[in-house]
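One-letter residues, chain by chain:
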Amino acid sequence: MVKIWLRDSDESNPSLPHQTSPPIFLSTDELFQRTGVKYIQVSDDACGDENQLKDLRLKHGYEHYDWLEIIPDTTEKHAKRMARFYEEHLHEDPEIRLITSGNGYFEIRDTEEKWIRIHMTRGDLIDLPPGIYHRFTLDTNGYIKMLRLFSEIPKWSAVNRCENDAHPARIRYEQFMKEAV
Ligand code: KMT
Ligand code: NI
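Residues numbered from 1 in each chain as written. Chains lettered and ligands numbered in written order. Predicted model: local features only at pLDDT ≥ 70, side-chain atom pairs only at ≥ 80, totals over all residues.

1. What to know about the overall build of the protein
Note the threshold: Each helix is a run of H or I in the DSSP string that is no shorter than four residues. Each strand is a run of E no shorter than two, and both are numbered from the N terminus. With C-alpha atoms as the basis for the radius of gyration, the globule rule is written as 2.2 Å multiplied by the number of residues raised to the power 0.38. Using C-beta atoms placed from the backbone, we call a residue buried if 20 or more other C-beta atoms fall within 10 Å of its own, exposed if 12 or fewer do, and partly exposed for counts in between.
Tallying secondary structure elements over the protein gives five helices and 11 strands in all. Scaling as 2.2 N^0.38, a compact globule of 181 residues should have a C-alpha radius of gyration of about 16 Å, and the protein matches this with 16 Å. Oriented by its inertia axes, the alpha-carbon framework of the protein measures out at about 40 × 40 × 35 Å. Every one of the 181 residues in the protein was classed for burial, and the buried ones make up 25%.

Now the structure itself:
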């Protein structure tokens, strides 16, 4: 079951929970209000059944998908990939992820520049709007398997925050947050 909280400001060891003291938890509705990130709970049953996953994808208009499994690994390639996932970035397309096993932390920047931490586990699906700044890391278990969902064939590119703070997708996201949420 998903848990969401405001992250502390300690940038050491991202695999630890990084809750504030006392912790400040948010509901999935509050997450949406603050960031525009949508959350869907998928049943345990559906997570393990290809046909139900297909129905779910098509119901929400996610035509395309692939699987990503991250296993404990000590290679430099793995370390580089994890570093890339934990670099604050945005995309021109939505980022939609359903966790089917293991766990991980998605971190989302809210409009006040605070990091919101989402601890994702089996059955948790999130849909990040285009242009939102985010990053990802594993928790101390070091393992996750997820379905990556796309409405269109992904032009998979990440724009790191330090590279460009005035990306058109960012400007559209800021406008969307002012008007829609
Ligand atoms: C991305 O763009 O793939 C991410 O933000 C990482 C999350 S899924 C491993
Ligand atoms: Ni991303």
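2. Comments concerning the UniProt feature "binding site: Ni(2+)" (unreviewed entry) in the protein
Short version of the rule: UniProt positions are given in the numbering used here, feature names are shortened, and annotations may be inferred rather than shown by experiment. C-beta atoms are placed from the backbone for every residue, and two residues are taken to be in contact when these atoms lie within 7 Å.
Feature annotation in UniProt places "binding site: Ni(2+)" (unreviewed entry) on His-89, His-91, Glu-95 and His-134, given in this structure's numbering. Judged by maximum C-alpha separation, these annotated positions cover 46 residues in sequence but sit close together in space, the widest gap being only 11.4 Å. With respect to the helices and strands, His-91 occurs in the loop between strand 4 (89–90) and strand 5 (95–102). The buried category is assigned to His-91, around which 20 C-beta atoms lie within 10 Å. Sequence-distant contacts of His-91, defined by excluding residues within four places in its chain, comprise Pro-130, Ser-157 and Ala-158.

3. A short note on unusual backbone geometry
A negative phi holds for most residues other than glycine; trans holds for most peptide bonds. Here the amide bond leading from Ser-21 into Pro-22 is cis, since omega sits at -5 degrees, within 30 degrees of zero. Unusually for a residue other than glycine, Asn-13 sits at a positive phi of about 25 degrees. Since 9 C-beta atoms lie within 10 Å of it, Asn-13 is described here as exposed.

4. Some details on the UniProt feature "binding site: Fe(2+)" (unreviewed entry) in the protein
The UniProt feature table records "binding site: Fe(2+)" (unreviewed entry) at His-89, His-91, Glu-95 and His-134. When you line up the elements, His-134 lands in strand 9 (residues 134–138). Residue His-134 is classed as buried on the basis of its 23 C-beta neighbours within 10 Å.

5. Brief notes about the environment of Ser-15
If you trace the backbone, Ser-15 turns up in the loop between strand 1 (3–6) and helix 1 (28–35). The exposure class of Ser-15 is partly exposed, given the 14 C-beta atoms found within 10 Å. Each C-alpha atom of the pair Ser-15 and Leu-138 lies 5.8 Å from the other, and the pair is 123 residues apart in sequence. Residue contacts for Ser-15: discarding those within four places in its chain leaves Thr-137, Leu-138, Asp-139 and Thr-140.

6. Overview of helix 3 (residues 50–59)
With one of 10 residues buried, helix 3 lies mostly on the surface of the structure. Following helix 3 by one or two positions, Gly-61 has its phi on the positive side, about 80 degrees.

7. Details of the nonpolar core
Inside soluble globular proteins, nonpolar side chains tend to come together where they are buried. The condition that has to hold: Under the definition applied here, buried Ala, Val, Leu, Ile, Met, Phe, Trp, Tyr and Cys residues are grouped into a nonpolar core through C-beta atoms within 7 Å.
In terms of nonpolar packing, the biggest core is built from 26 residues, with Phe-106, Ile-118, Ile-126 and Ile-132 touching the most fellow members. Elements supplying a minimum of two residues to this core: strand 5, strand 6 (104–109), strand 7 (115–120), strand 8 (124–128) and strand 10 (144–150). Residues contacting Phe-106, with those up to four places away along its chain left out, are Ile-118, Met-120, Ile-126, His-134 and Phe-136.

8. So, the sheet that holds strand 2 (residues 38–41)
Under the convention used in this document: Strands qualify as paired when DSSP identifies two bridges or more between them. Between N-to-C directions, angles cover 0 to 180 degrees, with each direction set by a line fitted to C-alpha atoms, over the stretch in contact for helices.
Spatially, five strands are ordered 2-8-5-10-3 in an open sheet, and the strand pairing comes out antiparallel. Single-partner strands in this sheet number two, and they are strand 2 and strand 3 (64–70). Neighbour to neighbour, the strand axes of the sheet diverge by 20 degrees on average, direction disregarded. In the sheet, strand 5 pairs with strand 10 via six bridges, with the strands oriented antiparallel. The residue bridging Ile-99 from the neighbouring strand is Met-146, located in strand 10.

9. Topic: the site of ligand 1
For the record, the criterion: Whether a residue is near a molecule or strand depends on its C-beta atom, generated from backbone atoms, being within 6 Å of that molecule or strand. The classification used treats Ala, Val, Leu, Ile, Met, Phe, Trp, Tyr, Cys and Pro as nonpolar, Asp, Glu, Lys and Arg as charged, and all other residues, Gly among them, as polar.
Around ligand 1, the neighbouring residues are Leu-68, Phe-85, Glu-95, Arg-97, His-134, Phe-136 and Ala-158. Going through the elements one at a time, strand 5 and strand 9 are the ones with two or more residues in the shell around ligand 1. Across the shell around ligand 1, the residue classes break down as four nonpolar, one polar and two charged.

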